[in-house]
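An overview of the molecular structure
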Amino acid sequence: MQGARMVSLRSAFFLSLLERSALVALSLGSSVILARLLKPEEIGIYSVSLAVLAVAQVLRDFGVGNFLIQESDLTEAHINTAYGVSLIVGIVLFLLVWLLAPYAADFYSEAAMVETIRISSLNFILLPFCTISLALLRRDMSYDRLVSVNLASAFGGFLVSVGLAHLDCGPNSMAIGAVFGNVITGLGAWLVRPDRELIRPTLTEWRKIVNFGGQSSLANVVTAISMNANDLVVGKVLGFHSVAIFSRAQGVMNIFHRDILSAVRNVAFPAFADFHRQGLAPELTHARFIVLLTAFAWPFYGLVSLYALEVVRFMFGGQWDEAVSLVPIFCLAGALFAVNSLIPQLLIAVGKIHIVTRAEVVLQPLRFFMIAAAAYFYRSVEACAVAYLISSMIALPVFTWALARVFPAHVLDFISGLLPSFLVAVVTLVPVSVHVYFSGFSRGVPIDFSEILLASGISAAVWVFSLLWLNHPLSEEPMFLRVVTRFSLAGNRRF
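Residues numbered from 1 in each chain as written. Predicted model: local features only at pLDDT ≥ 70, side-chain atom pairs only at ≥ 80, totals over all residues. Heavy atoms only, no water.

Looking at the overall build of the protein
Within the protein, the secondary structure is distributed over 24 helices and 0 strands. Relative to a compact globule of 495 residues, whose C-alpha radius of gyration would be 23 Å, the protein shows 23 Å and is just as compact. Projecting the C-alpha coordinates of the protein onto the three principal axes gives extents of approximately 65 × 55 × 45 Å. A total of 495 residues make up the protein; the buried ones form 55% of that total. Summed over all atoms, the accessible surface of the protein reaches about 21900 Å², with 68% contributed by carbon and sulfur. Side-chain charges of the protein comprise 32 positive and 30 negative groups, with the mean position of each set lying 4 Å from the other. (Helix = DSSP H or I, 4+ residues; strand = E, 2+ residues; numbered from the N terminus. Rg over C-alpha atoms; globule rule 2.2 N^0.38 Å. Buried < 20%, exposed > 50% of the residue type's maximum accessible area, 1.4 Å probe, protein only. Areas by Shrake-Rupley, 256 points an atom, 1.4 Å probe, with all protein chains shown as cover. Lys, Arg positive; Asp, Glu negative; His and termini not counted. Charge placed at Lys NZ, Arg CZ, Asp CG, Glu CD.)

Take a look at the structure:
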């Protein structure tokens with residue numbers, strides 16, 4: 001691996017995965033606690049409030065973070081202009097959201113949304129102070145410093161949200177926790193920078209940044225609208241209770257789709273951009289990332305689908321059992337998303353953001369209208385979940401087409417490389433499938449935890465064996481070999 005980095009690519013990925021695992025644990029703990037401290041309607045109010053802010057949330061960055069990471073010839077003028085653009089966008093969005101909050105609350109006939117939205121709008125003032133420092137740390141692959149900042153922010157937000165929920169602050173507890181977390185991020189990201197210099201906002205390079213940011217923002221806006229269609233449309237048509245059920249089921253999928261995949265994206269995008277700057281072949285790294293990723297993702301989604309009742313009961317409690325039937329649908333969608341999850345990062349890293357924008361402009365409105373039509377005509381959250389799944393099926397060939405536009409020779413290797421992961425997933429899920437079959441797929445009583453632990457342990461052992469037997473690329477990774485060797489030595493000592 002060429003290029004000046006503070007850590008190697010594997011070490012960076014390990015640190016990023018460690019960070020995301022800790023963040024997932026905090027998020028899971030927060031979800032478990034808040035699901036018991038807050039009513040479904042209160043969580044629904046916060047979810048819909050965030051959905052209302054979705055377009056503003058994606059515009060707040062205006063693509064300046066990704067611009068700083070992928071720019072081949074980064075100068076101080078670029079950094080200062082990026083900061084200036086971020087400040088302008090942040091201030092404008094804060095004022096608009098603050099003024100329009102009452103109208104959003106009137107639309108949903110929920111007065112409590114005004115205060116929740118206005119508290120959340122404070123993030124637009126804070127985020128410009130976070131974006132630039134975080135982007136520069138990611139460009140330099142300084143994941144040791146990023147980990148400390150992000151963990152401190154998440155833990156601080158967790159404590160504030162749970163504490164305020166315990167004091168009966170309702171949906172505002174989560175909004176205030178998010179603001180507090182961003183305060184910590186802004187201060188922490190500046191403190192861990194090597195120079196700690198104050199960035200002076202300018203607009204000297206505004207044309208270049210606005211050109212990139214305009215395309216990035218267009219793709220992000222349509223993505224945000226479609227991804228939040230479940231909250232916006234389901235909340236309006238089916239009510240806050242239904243949107244909370246839908247959101248919780250999707251949240252189970254997001255344990256991997258959003259949280260774990262973030263660890264991969266955080267490393268992959270700067271790595272792709274660095275390879276491209278050096279004249280190397282980032283598409284080869286992309287193919288390996290996907291093969292390794294699906295070796296984890298597909299068995300995970302299968303396991304969660306089979307134990308959906310137990311997972312929902314553990315994470316949220318018995319009051320959320322309506323979400324159980326939706327979990328397998330979302331998990332299948334997540335398994336499909338895992339395949340194309342890094343294609344946008346690869347294309348943006350090599351300067352092809354316009355292709356990503358075209359694909360998103362086609363796919364995301366389609367997803368929005370499919371979920372909206374399902375909610376309106378079928379009046380059920382199950383129909384909305386199926387619409388979400390179908391949209392993910394359509395996205396797979398579209399992004400494969402986008403990949404073929406830039407790397408035509410890479411597509412066949414990319415697709416054929418998925419076969420080992422598919423075989424590993426099928427073999428791995430046999431023990432737990434047998435266990436669930438004899439326990440009943442439509443059971444109303446959760447399986448005993450000790451039984452799940454035993455069956456999952458057997459599947460984990462089968463997973464390791466299948467990786468080695470099928471000669472999966474993951475079995476060649478040094479970290480995997482060290483773990484397997486260590487367990488083998490520990491077993492030999494016992495016997």
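Regarding the pattern of salt bridges
Under the definition given, this model contains 3 salt bridges. A salt bridge links arginine 443 to glutamate 310, with the shortest nitrogen-to-oxygen separation between them at 2.8 Å. Of this pair, arginine 443 sits in the loop between helix H22 (430–439) and helix H23 (449–469) while glutamate 310 is found in helix H15 (residues 308–316), placing the two residues 133 residues apart along the sequence. Judged by relative accessible area, which is 15%, arginine 443 ranks as buried. (Salt bridge = Lys/Arg side-chain N within 4 Å of Asp/Glu carboxyl O.)

Focus: helix H6 (residues 112–121)
Along H6, 7 of the 10 residues are buried, which leaves the element largely enclosed by surrounding structure. When H6 is considered as a whole, its buried residues turn out to be Met113, Val114, Thr116, Ile117, Ile119, Ser120 and Ser121. In this fold, the buried residues of H6 make contact with helix H2 (40–52), helix H5 (76–108), helix H7 (123–126), helix H10 (172–191) and helix H13 (240–277). (Contact = heavy atoms within 4.5 Å.)

Examining the packing of helix H16 (residues 327–340) against helix H19 (residues 381–406)
At a minimum axis distance of 9 Å, the contact between H16 and H19 shows a crossing angle of 15°. It follows from the interaxial angle that H16 and H19 lie roughly parallel. Considering how the two elements wind past one another, H16 and H19 form a crossing that is left-handed. Touching Ile329, Phe330, Leu332, Ala333, Leu336, Phe337, Val339 and Asn340 of H16 are Glu382, Ala385, Val386, Tyr388, Leu389, Ser392, Met393, Ala395, Leu396 and Phe399, all from H19. By residue class, the composition of the contact of H16 with H19 is 15 nonpolar, 2 polar and 1 charged. (Axes fitted to C-alpha atoms, helices over the stretch in contact; angles between N-to-C directions. Parallel < 35°, antiparallel > 145°, perpendicular 65-115°, else oblique. Left-handed = near helix turned anticlockwise from the far one by under 90°. Nonpolar A, V, L, I, M, F, W, Y, C, P; charged D, E, K, R; others polar.)

What to know about the packing of aromatic side chains
Counted by the stated rule, this structure contains 19 aromatic pairs. With a centroid separation of 6.2 Å and an interplanar angle of 70°, the aromatic rings of tyrosine 83 and phenylalanine 129 are classed as edge-to-face. A residue pair is termed long-range when its members are at least 10 positions apart, and tyrosine 83 in helix H5 and phenylalanine 129 in helix H8 (residues 128–139) qualify at 46 residues. By relative accessible area, tyrosine 83 is classed as buried at 11%. Three or more aromatic residues link up through ring pairs in this structure, and these residues are Phe246, Phe330, Phe337 and Tyr388. Of note, arginine 367 hangs over the ring of tyrosine 388, and the distance from its end group to the ring centre comes to 5.5 Å. (Phe/Tyr/Trp six-rings, centres within 6.5 Å; stacked < 30°, edge-to-face > 60°. Lys NZ or Arg CZ within 6 Å of the ring centre and 35° of its normal.)

Considering the side chain of serine 242
Tracing the backbone through its elements, the reader meets serine 242 in helix H13. Its relative accessible area of 17% is what places serine 242 among the buried residues. Of the polar contacts made by the side chain of serine 242, one reaches the backbone oxygen of leucine 238; its length is 3.4 Å. (Polar contact = N/O pair within 3.5 Å; in protein donor to acceptor, adjacent residues only side chain to side chain.)

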